[in-house]
Structure formats: structure tokens, C-alpha cells
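One letter stands for each residue in the lines below.
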Amino acid sequence: MKKVIQKMSLVVFLLSTTLISACTQSLGAVESTQTASIATQGPVDAKEIEAFADPLFAKKMKEFNVAGSSFVVVRDGKVIVNKGYGFADKEKKTPVDKDTVFQIGSVSKTFTALAAMQQVDAGKIDLHANIEEYLGGLKIPNKTGKPVTMYDLLAYTPGFEFPDETTFTGPQYIGQDISMDEFFPKHMPVIVRPPGEVYTYDNTGFLLAGYAVEKTSGIPFYQYMDEKVFKPLGMSSTSVRLKPELMKRMATNYFNTGEQRPLEGTNPTDGPQGSIISTADDMAKYMIMHLQNGKFDGKEIVSQKSLDLMHTHQYSAGDIPITTLGFENYFPEYANGQKVVLKGGNMPGHSSLMVLIPEHKTGFFMSYNNDSMVSADIYKEFMDHYFPETEKKAEPVFMTLSEADAQKYVGLYQNTRAYWTRTSITYENGSLVLESEATGKQKLRMIKPLLFEDETGEKVAFKEDKNGNGNINYYYYTTAIGVNIAGESQRMEMEKTYSDVPNTSSYKTHINNLSALSIMGAKSGSKFDPTGTMTQGEFADALIKAEGHYVMAGMEDLLRQQLAAGIPNLNPSAPITRQVAAAMIQNLKQLEPVATSKVTLQDTADAWAKDAITALVSQGIVDPDTKVNADGSFTFRAKDLLKRQEASALLDLAFGYYSLPIKR
């Protein structure tokens, strides 16, 4: 979990060098034989695993500035290796061991899915019924007309507009007891996409799933997990809540820079989406149950039918499988052709990854105390060492894309989770060009219709809408950046028509862009009112939307304080001037003037606004009616009232790649 942009941990595993020690002759043949043996057997020998893992963890923890990490490997119902590396508390030199407690973050989602499937097994929840039947009267705002189900929640496809709007973490929540009954009526996002239609990493969905378990079982979620999951599995060091006796063994939380950071709790206190704490020793038991068809120590924890749904990909983007019920498919290229289900998790200063390879009855888990991506490197090394690719992948044969065929792909896209992430897709010389602030500029070559590959080998899968008209409505990008964003991106409707914005207007593109992204829209009816003015409060609202941060846990107040810094006599109901607008934008953007673009303000502006105006203009953030002369001089009309069309241009140019020309 995460405060503003919910982070998700991904993982990568280990590399080995051991079965070689017995022989010194015919080294090449020995290495070849041992590699084949490892590839066939997977991790089976504790000494070999440690010889592989010890130097790998030492190297990677140093590279990613990780203080300490746990690491456990299970195979065929047994724990093969369970050890710690580095320090739980580096100041006190407390080592990590199998009993060190970590916040496992979103790995909790797999436990919530398990609990929900137990209720399905018991006949208390119908996987495909309207989830509102199990929420004790709680209603979910839904603009689609299609009810959301438990299946949708667990498959990360409920369609919420702001799926992280229910994500609240912070030190202030430690020691509090905030129920889901108290929380939900105040914090419920709206469903805006038909459930089941699109993958969006979703915290709200799993919070609701846990709430349904609470209501159908008749006991609090934390108590249900203690009685029905943790106790039957012998997980005595695992809890939904920050129990004092477990916190004594808690690893210290660190920033990636190495400084300590405060432990954070969750609101509500029971966080089915990410509040569980656990140890490597307990997580080994959990993995063994998963790899033994839902059974542990002779007891059935969940039915094999339900477990199969948790281990089988339920949602895909084209040819790319993304989610099971509870688990996900990060870095599919690291799986080396194996069936892998995994889940990463993060709380500020702690990260975890669980990887299951069901067909080989093998799993590994790691937790560590910072927010880095060391887990991804470990996962990759583990798979390359123990389950290497047996066949070299054939190089893809790319198809030439005609300009006419490209038109259904080109346009402006907005990520369905990280809505501040916008992407422009254009056409150029037989290929698509994808460009965003997150990815930079990437050439996409077509493998087949709807499936493309970027210059690094990452896949981009497009999805046609279900009306059969061939229009594209989403794309999914497998790049690491795409995983962190964790959601498909939706094509925005660009052809907005306002009766008072002529096609010849130099502001039309900017107005359409902001309208498509719901940053600025009609003033009334079909009129945009391009030459009308705005209040300071209206511009601040649009600015926060353009900046793209979620309004939660005090973030709106923080942003408003930031954008107002250094501007005297602000009044939300007063008309906004151009210099106030420039200063507000610069307060959020913090742009440095471009050294190669010497610009000189010619008209009068207040001292507190001059640097902001110069910085924006030097960066090319200027409305069409403000001309910069060849010598860099310009007149900004600083004290004039800002027009709505001017606001659209400044916001469009300041916040993203989405004002690039789009062929249609």
C-alpha cells in the first residue's frame, strides 16, 4: 500500500554456484550437468540454495541500500531454507531472522481472497452475485448499471474511478481502532467502468471484500483471520493488527536513503487490502498450504476448487495474463515459461514478495525494510538459476502498420489507476509512437493486430470495445513502469464540441485535452465560455486535478498550501490574474528556467510573480496569445484577469505530454 501513489512490490530471485565443489576436472561438463540438474529439480538442497542466495543477497542489499531481509524457500511441503540477512535494526545491530516481523502490505490481499473463498466454500457468498448483498446495507455508487461481484473485486476489475481513495496510512493511526463500519460511509469511490471490463490495481476492492467477509461471518475481520486462517495454519506471529507483542519483533522501517522512517498504521484499522504483519516462518506455512491444494497439517483450509481460481489467471489483456483471484502476474518475462503466481506488497519502509510455482510445489518469500525494488532482481535471478528458459524465444516478426490502420490506436490515454499518467500515441513510418512523462518516447512495432512491442522488448496490448465497431478503448503496458502504475490506460474522447469554441481557435486542442481529462469542462450547457474569467478557487481546483494527486488523508490541504506559497492576499472567491495563475503553477511544478532560452519579461509584474512567469515561459508554457520575440522578450499581461481558454493552455502545457498533435 501507499499514501498517494500506492506502490506495489515486485520481485526477483536468486542465482547459484554450488554443485560444482565436488569435482574440479572437466569443469565445463560438470557445470553443464549441474545446470541441467537444477533446471530439472528446482531448489532442493539447503546448502546449494544458501551458496546461491548468500552472495546474491549481499550484493543486491548493498546495491539497493537494504538494511535487512528475510528469505524462505519451500518445496514439496517442507521448508528448505529460512534465514535472515542484515539487520532488522541497523543502529542496534539486531539481525533479521525467521521470526522478525514485517508489514507485508498488499500480500495481505491474497489472505483476503482466501478468506472470501472460504465464505464461498461455505455457501455464504455467491462469487458472481451483487456484492451489495453481503455488505450489511452499504451501497456502492455505480454509474454503469452493472453490479459488482466478489469475483470482480478479487480479480482487480471492479471499475472504481479512484481505486486508492480508501488508502489511508500514517503514524497517527497506530493505536486507534477505526472500524470499516465507521470508515466506508465517508470514503466510497464511484464505479465508472463496467465491472469486469478493465484491470486496475484496486485497494478499495479488497477492502470491500474483507468487509463482506466480516458481515457474512458475523465477526470482525481481524478475528475471522485469527480464527479461520492464522490459527489453523499455526501462524502465531501473524496478525491483521499491530499487536504490541509482535511489534517488539518488528523490523525498523527505513527510507531508501537509509534513514529511519516512522512506522505507519492504517485507516480503517483492519486493512484487508494491506495491514497484515507476519514473519518468514509463518509465511512458509502459508505457502505450503497453497502448494498442497489448500490443505495444511491434515486440515482443509480452503477447497481445491477455490484454490484453483486463486492460482489460475482470470483476467488478461489480449495475450497477457494479469490477475488471478488475489494474485497477479508481474514481470511475466521473468517466469521463463513457468506458471507463476505472485504478489508483492509495500507499507512505507517495508516491502515483501511471495512467489509460487505450483506445478513444482515450490515457493519463496522475502520481506525487507525499505521501499526499493530489490525483490524484482532477486525474483529474476531465482528463476534464471532454478527454472531457466529451456527454449530460446524466437525473435518476433513485425508487421508494417499502415497509417489508415493506425488511426484506431492513436489518441490520448489516461491510466485508470494513476490518472495523472497520460500517454500520447501517434503514428510514424509504419509504427506507433508512445510518449508519456513516465516512459519517455517509445517506438511500438506491431507483432499482430492489437499486440505491439516497444524497443526494449516490453509488450503493449490494446483492447477493442465490446460493441464490435473496432474502436480501441484500452491498452496495457508490461513495462516495469506499467507495473508500478498497475492498471490499463483508457482512451479519452478528444472530439469534444463546444458551441462557442470554433475549429479555428488556437485554444481548441488545449480545451479538448482538459475536457477529455475532466480537468475543465463546460461552463454551462454546451458552452465552454473561453473568454470568461475564473476565480482563484476555481483555478486551484483545476490545477489540483491537472497535477493529478488523489485528494485523501489531508493531501488536498497540503497541495493548496503548496500552490499558495508566497502569493499575498489570496481569496478563493476573487477573480484570478495571470500572474497569480503562473505563480500557482510554478509552486507545484518547481521548474528551473531553461538556460538556453533567455527570456525577458517586458511588462509590469509583482516581484513575487516574476520568477514564476519567467520559468514557465522559458519552458514553453505559454498561451497562444503570448508571443515570445526573437530576442526572448515578451509581454505577459501579468495583471490582466485570466481567461478560461488561457487557463486551459497553461494547464495543458504544464502537466504532461497530452498536448502533442494527434492524427485522426
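Presented here is a report on the structure given in the accompanying data block. Owing to the predicted nature of the structure, the values given are computational and were not obtained by experimental measurement.

Let us now look at the overall build of the protein. For the protein, the count of helices and strands is 19 helices and 24 strands. Counting over 664 residues, the protein shows a buried share of 57%. Of the contacts made within the protein by residues no fewer than 6 positions apart, 70% connect residues no fewer than 24 positions apart. Per element, the accessible surface of the protein, about 26,400 Å² overall, is 50% carbon and sulfur.

Now for the nonpolar core. With 114 residues, the main nonpolar core has Phe111, Met150 and Tyr379 as its most contacted residues. Here this core takes 8 residues from helix α9 (residues 280-291), the largest share from any one element. Counting 50 residues, the second largest nonpolar core, distinct from the first, contains Ala516, Leu559, Ala581 and Ala609.

Moving on, we come to the sheet that holds strand β2 (residues 78-89). Pairing in this open sheet of 6 strands is antiparallel, and the strands run β3-β2-β1-β14-β13-β12 from one edge to the other. A strand with exactly one partner marks an edge of an open sheet, and here the two such strands are β3 (94-95) and β12 (341-347). Bridge count for strand β1 (residues 68-75) against strand β14 (residues 362-368) is 5 bridges, and the pairing is antiparallel. Bridge pairing in β14 places Val74 opposite Gly363.

Now for the packing of aromatic side chains. Considering all chains together, one arrives at 24 aromatic pairs under this definition. Look at Phe52 and Tyr386: their rings are 5.2 Å apart centre to centre, the planes differ by 85 degrees, and that puts the pair in the edge-to-face class. Taken together, the residues span a long stretch of sequence, with Phe52 in helix α2 (residues 46-63) and Tyr386 in helix α11 (residues 374-386) at a distance of 334 residues. Residue Phe52 is classed as buried on the basis of its relative accessible area, which comes to 1%. When the ring of Tyr156 is compared with that of Tyr199, the centres are 6.3 Å apart and the planes differ by 65 degrees; the resulting orientation is edge-to-face. Taken together, the positions of Tyr156 in the loop between α4 (150-154) and β5 (168-170) and Tyr199 in the loop between α5 (180-183) and α6 (203-217) put the pair 43 residues apart, joining distant regions of the chain. Note on Tyr156: relative accessible area 0%, which makes it buried. Linked through ring pairs, Phe52, Phe57, Phe71, Tyr85, Phe364, Phe382 and Tyr386 together constitute an aromatic cluster. If you follow Arg644 out to its NZ or CZ, it ends over the ring of Phe528, 4.4 Å from the centre.

So, on to the sheet that holds strand β18 (residues 440-448). Judged by pairing direction, the barrel is antiparallel, and its 8 strands sit side by side in the order β15-β16-β17-β18-β19-β20-β21-β22 before closing back on the first. Neighbouring strand axes in the sheet, compared pairwise and without regard to direction, differ in orientation by 30 degrees on average. Bridging between strand β15 (residues 411-415) and strand β16 (residues 422-428) involves 4 bridges; their strand directions are antiparallel. For Gln414, the partnering residue across the bridge sits in β16 and is Arg422.

Okay, the pattern of salt bridges next. With the rule as written, the count across this model stands at 28 salt bridges. A salt bridge links Glu50 to Lys83; the shortest N-O distance between them is 3.1 Å. With Glu50 in helix α2 and Lys83 in strand β2, this residue pair connects regions lying 33 residues apart in the sequence. Across the pair Glu538 and Lys523 runs a salt bridge whose closest N-O atoms are separated by 3.6 Å. Highlighted residues: Glu538 in helix α15 (residues 536-547) and Lys523 in the loop between α14 (508-516) and α15, separated in sequence by 15 residues. The exposure class assigned to Glu538 is partly exposed, which follows from its relative accessible area of 34%. Salt bridges linked by common partners bring Arg578, Asp623, Arg637 and Glu646 together as one network.

Calculation notes
Residues numbered from 1 in each chain as written. Predicted model: local features only at pLDDT ≥ 70, side-chain atom pairs only at ≥ 80, totals over all residues. Heavy atoms only, no water. Helix = DSSP H or I, 4+ residues; strand = E, 2+ residues; numbered from the N terminus. Buried < 20%, exposed > 50% of the residue type's maximum accessible area, 1.4 Å probe, protein only. Contact = heavy atoms within 4.5 Å. Areas by Shrake-Rupley, 256 points an atom, 1.4 Å probe, with all protein chains shown as cover. Core = buried A, V, L, I, M, F, W, Y, C linked by side-chain atoms within 4.5 Å. Pairing = 2+ DSSP bridges. Phe/Tyr/Trp six-rings, centres within 6.5 Å; stacked < 30°, edge-to-face > 60°. Lys NZ or Arg CZ within 6 Å of the ring centre and 35° of its normal. Axes fitted to C-alpha atoms, helices over the stretch in contact; angles between N-to-C directions. Salt bridge = Lys/Arg side-chain N within 4 Å of Asp/Glu carboxyl O.

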